[in-house]
Each structure stands twice: as structure tokens, then as C-alpha cells.
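Inside the fold
So the chains spell out like this:
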Amino acid sequence: MSERVLIIGGGLGGLFSGAILAKEGMEVTVLEKNASIGGGLQSFTRFGEVFDTGMHVLGGLQEGGNIRRLCQYLGIWDKVHVRAVPTECSERIFFAEDGRSYEIASGREGFVASLARHFPVQRDCMVHYVEALYRIVDEMDLFHLRPSADNIAKHSEEFGMPADAFIAKYISDRRLRQVVAYVNSLYGGRADETPAFVHAAISVLHINGTYRFAGGSHLFAETLADVIRSHGGQVMAGDGVCQVCTEGRRVTGVMTEKGRRIDADYYISDVHPCTLLSLMDDPKAFPKAYRTRLNEIPGSYSSFLLYLKLKPECFPYLDYTGYYIEEYDKIWDCADATCFLYMTPPEISQGRFSRKMIIASPMRWEEVSRWEETAVGHRGSKYEAWKQAQAEVLLRAMEKMFPGFRSQVEAVNAASPLTIRDYFGNKEGAMYGFAKDCRHMELSQVPVVTKIPNLLLTGQCVNLHGFCGVPLTAISTCEAILGKNYVLNKI
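These lines cover the structure that appears in this document, whether it is placed above or below. (Residues numbered from 1 in each chain as written. Predicted model: local features only at pLDDT ≥ 70, side-chain atom pairs only at ≥ 80, totals over all residues. Heavy atoms only, no water.)

**So, the overall build of the protein chain**
- Secondary structure assignment for the protein chain yields 15 helices and 19 strands.
- Taken over C-alpha atoms, the radius of gyration comes to 22 Å for the protein chain, in line with the 23 Å a tight globule of 491 residues would show.
- Counting only C-alpha atoms and orienting by the principal axes, one finds that the protein chain spans roughly 65 × 50 × 45 Å.
- A buried classification covers 58% of the 491 residues belonging to the protein chain.
- Put simply, of all contacts in the protein chain between residues at least 6 apart along the chain, 72% involve residues at least 24 apart. (Helix = DSSP H or I, 4+ residues; strand = E, 2+ residues; numbered from the N terminus. Rg over C-alpha atoms; globule rule 2.2 N^0.38 Å. Buried < 20%, exposed > 50% of the residue type's maximum accessible area, 1.4 Å probe, protein only. Contact = heavy atoms within 4.5 Å.)

**A word on unusual backbone geometry**
- Phi is positive for L145, close to 55 degrees, though the residue is something other than glycine.
- Take L145: it is sitting in the loop between helix 4 (123–137) and helix 5 (163–170).
- Within the chain, N463 stands out as a residue other than glycine whose phi angle is a positive 55 degrees.
- The topology assignment puts N463 in the loop between strand 19 (455–457) and helix 14 (466–482).

**Points about the state of the cysteines**
- All told, the structure shown has zero disulfides when counted by the stated rule.
- Of all cysteine sulfurs, the one in C245 lies closest to C242, which takes part in no disulfide; the gap is 8.3 Å.
- Summary of cysteine pairing: C461 is not part of a disulfide, and the nearest cysteine sulfur, belonging to C274, is at 7.5 Å.
- Assessed through its relative accessible area of 7%, C461 is described here as buried. (Disulfide = S-S within 2.5 Å.)

**Thoughts on empty space enclosed by the protein**
- For the structure shown, the criterion picks out five cavities of 30 Å³ or more.
- Estimates place the volume of the largest cavity at around 110 Å³.
- Surrounding the largest cavity, 15 residues form its lining, Y187, T194, F434, A435 and K436 being those nearest its centre.
- Of the residues assigned to the lining of the largest cavity, the class counts are six nonpolar, six polar and three charged. (1 Å grid on protein atoms, 1.4 Å probe; cavity = no way out; pocket = protein on both sides within 12 Å on 5 of 7 lines; lining within 4 Å. Points joined across faces, edges and corners; volume = space filled by probe spheres on them. Nonpolar A, V, L, I, M, F, W, Y, C, P; charged D, E, K, R; others polar.)

**Comments concerning helix 12 (residues 417–424)**
- Of all the residues in helix 12, the buried ones are P417, L418, T419, I420 and R421.
- Where helix 12 is buried, its residues contact strand 14 (302–310), strand 17 (356–363), helix 11 (381–401) and strand 18 (409–415).
- G425 sits one or two residues past helix 12 and shows a positive phi near 75 degrees.

**Considerations on the sheet that holds strand 9 (residues 234–237)**
- Taken in spatial order, the five strands make up an open sheet running 9-2-1-13-19, and their pairing is parallel. Edge positions in the open sheet fall to strand 9 and strand 19, since each of these has one partner strand only. Neighbour to neighbour, the strand axes of the sheet diverge by 20 degrees on average, direction disregarded.
- Alignment of strand 13 (residues 266–269) against strand 19, held across three bridges, turns out to be parallel. (Pairing = 2+ DSSP bridges. Axes fitted to C-alpha atoms, helices over the stretch in contact; angles between N-to-C directions.)

**A closer look at helix 14**
- The terminal C-alpha atoms of helix 14 lie 24 Å apart, and with 17 residues this matches the ideal 24 Å at 1.5 Å per residue to within 8%.
- Of all the 17 residues making up helix 14, 13 are buried; the element is thus mostly covered by neighbouring parts of the structure.
- Among the residues trailing helix 14, G483 stands out with phi positive, at a value near 120 degrees. (Expected span 1.5 Å × (residues − 1).)

**Description of the sheet that holds strand 11 (residues 250–256)**
- One open sheet holds the three strands; their spatial order is 10-11-12, and the pairing between them is antiparallel. Strand pairing shows two members of the sheet lacking a second neighbour, strand 10 (241–247) and strand 12 (261–262), which therefore form its edges.
- Across two bridges, strand 11 lies against strand 12 in antiparallel orientation. From the neighbouring strand, M255 faces strand 12, where its bridge partner is R261.

**Describing the nonpolar core**
- Y129, F166 and F220 are the most contacted members of the largest nonpolar core, which totals 110 residues.
- Per-element accounting of this core gives the leading share, nine residues, to helix 7 (residues 196–207).
- Ignoring anything within four residues of it in the chain, the contact list for Y129 reads F111, F166, I167, Y170, I171, V180, H199 and S203.
- Of all hydrophobic cores here, the second largest spans 32 residues; its members include A337, I359, A397 and L418. (Core = buried A, V, L, I, M, F, W, Y, C linked by side-chain atoms within 4.5 Å.)

**Here we look at the side chain of Q350**
- Relative to the helices and strands, Q350 resides in the loop between strand 16 (339–343) and strand 17.
- Relative accessible area serves as the criterion here: at 17%, Q350 is assigned to the buried category.
- Of the polar contacts made by the side chain of Q350, one reaches the backbone nitrogen of E347; its length is 3.0 Å.
- Looking at Q350, its side chain comes within polar contact range of the main-chain oxygen of F353, at 2.8 Å.
- Setting aside its immediate chain neighbours within four residues, Q350 contacts R83, Y317 and P345. (Polar contact = N/O pair within 3.5 Å; in protein donor to acceptor, adjacent residues only side chain to side chain.)

**A few points about the packing of helix 1 (residues 12–23) against helix 14**
- Running from N to C, helix 1 and helix 14 point in directions that differ by 45 degrees, and their axes come no closer than 8 Å. In terms of orientation, helix 1 and helix 14 fall into the oblique class. The handedness of the crossing between helix 1 and helix 14 is right-handed. Here L12, G13, F16, S17, I20 and L21 of helix 1 come into contact with helix 14, specifically with G466, F467, V470, P471, A474, I475, T477, C478, I481 and L482.
- Taken together, the residues of the contact of helix 1 with helix 14 break down into 12 nonpolar, four polar and no charged. (Parallel < 35°, antiparallel > 145°, perpendicular 65-115°, else oblique. Left-handed = near helix turned anticlockwise from the far one by under 90°.)

Have a look at this one:
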């Protein structure tokens, strides 16, 4: 009889973990509290348009890329609906301070040439900087899907130095330093804290070339769920885990919101670790030091999101990801409406014009903490007025790049960190998991194994976050059951 695995949460980490284990012959059950699976891959319908809940800039999908290879191993690459972003201009960064735009090409040579046009004296510095990015990422075996012999990785000094200091080590021009830090909007980095390996990994993914989901990110979530079902597993939405039952130092089962008890041999949590603590029937199932540590790790920034329906045949489809930054020196303090990302998500058959746009602005939890005890739909008129004011700030900023943009918007829907907390179950609406701090790496790194032998972790708060980091973490989670390098050797 095959071993049974129960996965708490049907987000990207839970679905990838379930797909891998189901493919390898285990009996998998995934339980998701929301009506739709996918976590950050969920889509929803507003104003007659399908919007993704998150803003997805996808790396690792190019030929030979790590996530493409993982999808090929699962047998789903030909079912994935993604659209490659053109290499000649994959990203456009606008600084309102001087009204300048920087169009970034992908590929190592293209990336350097893009910025050397604006900073010709810094060309050699850029070459050395890019070489250093790739050198750091080469220290990450899992990123390259390489089997590893050592349990404790050995890293260079640059690997764990602050990301802003790492950039300054290679680039002397103040403005260019801020320009190459633009991807900070995708990991919520902080000056003097965020380690260089986080910046390097995200930067290399973008330099290698980015993709977008076509037709909605929910299609990818369903594709992963189909892998689980095709191997005899179950993926059940709308019935979340309300209690994790323990005896001694083992999990013996879970209770669901609908009153079912489900038992398994192994349990994987794809929910925020602090949420997992609240589900344990015995608060002391984990040692006090472990509980204290999880509760004290600070979270990353959250986001304020705008979902815009655009008027027909007015606004062009943008084949790049856009970044708006108010001031050059704001790049390491980007948690307000002075910095944001924007994109027009493609349909499967995308034409010249777009009917929708997503804008994502990093935001601190403190901005909405006054309403933290409220529920969706019952937050009051002051909250709604605050949301409207935040939306107007972003729309006015869009006018600086696209004059007349406001008149091309047909309808606006906004989501705050409260929305993200409530729907994704992330503590304080954190978008990038736990914050990484190079000064206390031993505290901010959470392993996939826990103090309970048959309970494992996966998802945003373990290792790297995002569309690349979470699937790679899922491999580590699965190998804690299947054996070290088991999946990597197969890939």
C-alpha cells in the first residue's frame, strides 16, 4: 500500500509538492480552505474580466530553465499557457524624479547594453556586476537543479552581504545603483538587511528572460491539480483544515471545517507557519523556542493592488513589465505608492489592445492595521474612502507615463493588505514570506523539516519566495520524504 500524504493548503507550494509526490506513487490529498485552489495563483472575475489575484512575472521558463525542466518532469509543459516577454524590452523602469525611462533587454549582453546606453562610463562595471550576480546564483545547487552532496552549503562572503552594499561594490554611479535595484519591488528588500543572494536570484531570473501567464494563472493551478488527480489523488477546495491532531511528537490526523477527520502518514503545511501554529490541537506540540522563533520573524511587505478594466480599443497591450519609482533614493524604501509595478495580463489570443491592467504597490501592514479586526465587506466607510484615495494616487502617477490614462479606465477594483491576509492566510498580508535578514540569517531561514518528524513545511516562507522559489522549495519538501536528491536525479 502506498504511503498517504495530506497537504494543508492548495497554493503553489502545496500543488507542486502534491504533483511530485503523486507522480512518485504516493496517495495525495490536498485540502484548500478557499473556494478556489491556487493561493496566489487564484483568479477572479470583476466587471466581466478575469483577473489574477497576484501580479506574475515568471522566471525559469526559458529553454533549459529550472521551472520548465520541473514542468517537463511532471509531464505538463505542453499544457502550460504562458507567453514569453520580448527580449529586446522585457522591462521598462520610469523614474518620476527626472522623467527618464530605462528599457531593459533580457540576456546578459542585452541587459548590460541596455543600461550602458544611459551610463556608458559604467559599462565595465556592469559587466563585472552581472558576472557577480551569476557567480552568487551558481552557489545555489537547487536553483540549478543540481544534486547536492553536502547537508550544509558553503557560501562566499558576497552571498550573504547586504544587497545594496553588494551593488555598490561593483557600481560607482549613484543613479545606476538604484536602477539595477529595480527588482526590489519583487522581493521587498530593505537596505542593510536583505541578503545579496535574494537580489541575485531574482535579477538572474529576469536577465534570463521572463514570461507571463496567458488566460489567467488559475489555469496553471488546475494543471498541477490534474497531475495529482491523474495519479489517484484528491484536491478538495472549500474545506480547510481547522485542527491538526497530534499525539506525542507526531501528527495523527486533521479535522476539516466540514467536520471530517482525515489521516495520513505524512503531512505537509503550505500555510503560513504562524497560521499552522494556531491550528495545532496542542500548543506545546512544537517546543516553545520553535514557536517563539516563528512568531518573531518579521514578515515581508504586503501590497496594495488595483485591478483595472480598460475601455475597449483604447489602451495598447504592453509587452513588458512596467516599474514606476518616484525618486531614485526611494528604491530601498518602496513600501508606499511612490513605487509600483504595472502590467497588462495577456489573453491566450492577445490582440493589439488590452482590456485590463494590474497595478501592485508594496505596502506596510501598519497602513491598514487600524482595521485588522474587521472582516471583508464590513470595514466601514473610512476604509473605503482610504482605498479610493490610495487608488487615485496610483492613477495620477500612471498619468505621468501615459497622459490621458485616467480617461481610458472603465472600472477600478482595489485590494489592500487586509484582503491578502484574509484570502491567502498570510500573516499581516506578507507577499514575499518571511523577511530575509543577512544580519540574522540563522533566524530568518526556516527549514522544510519541523520538530515533528511527519510534519513538513513548504511555500513562501521557506527558502526563496515567488514562482521560481516556491516550486524549488517543493522539491526539498518532497525529498525530505522520498530521500535526498531523489527528485533532482530524476529531473
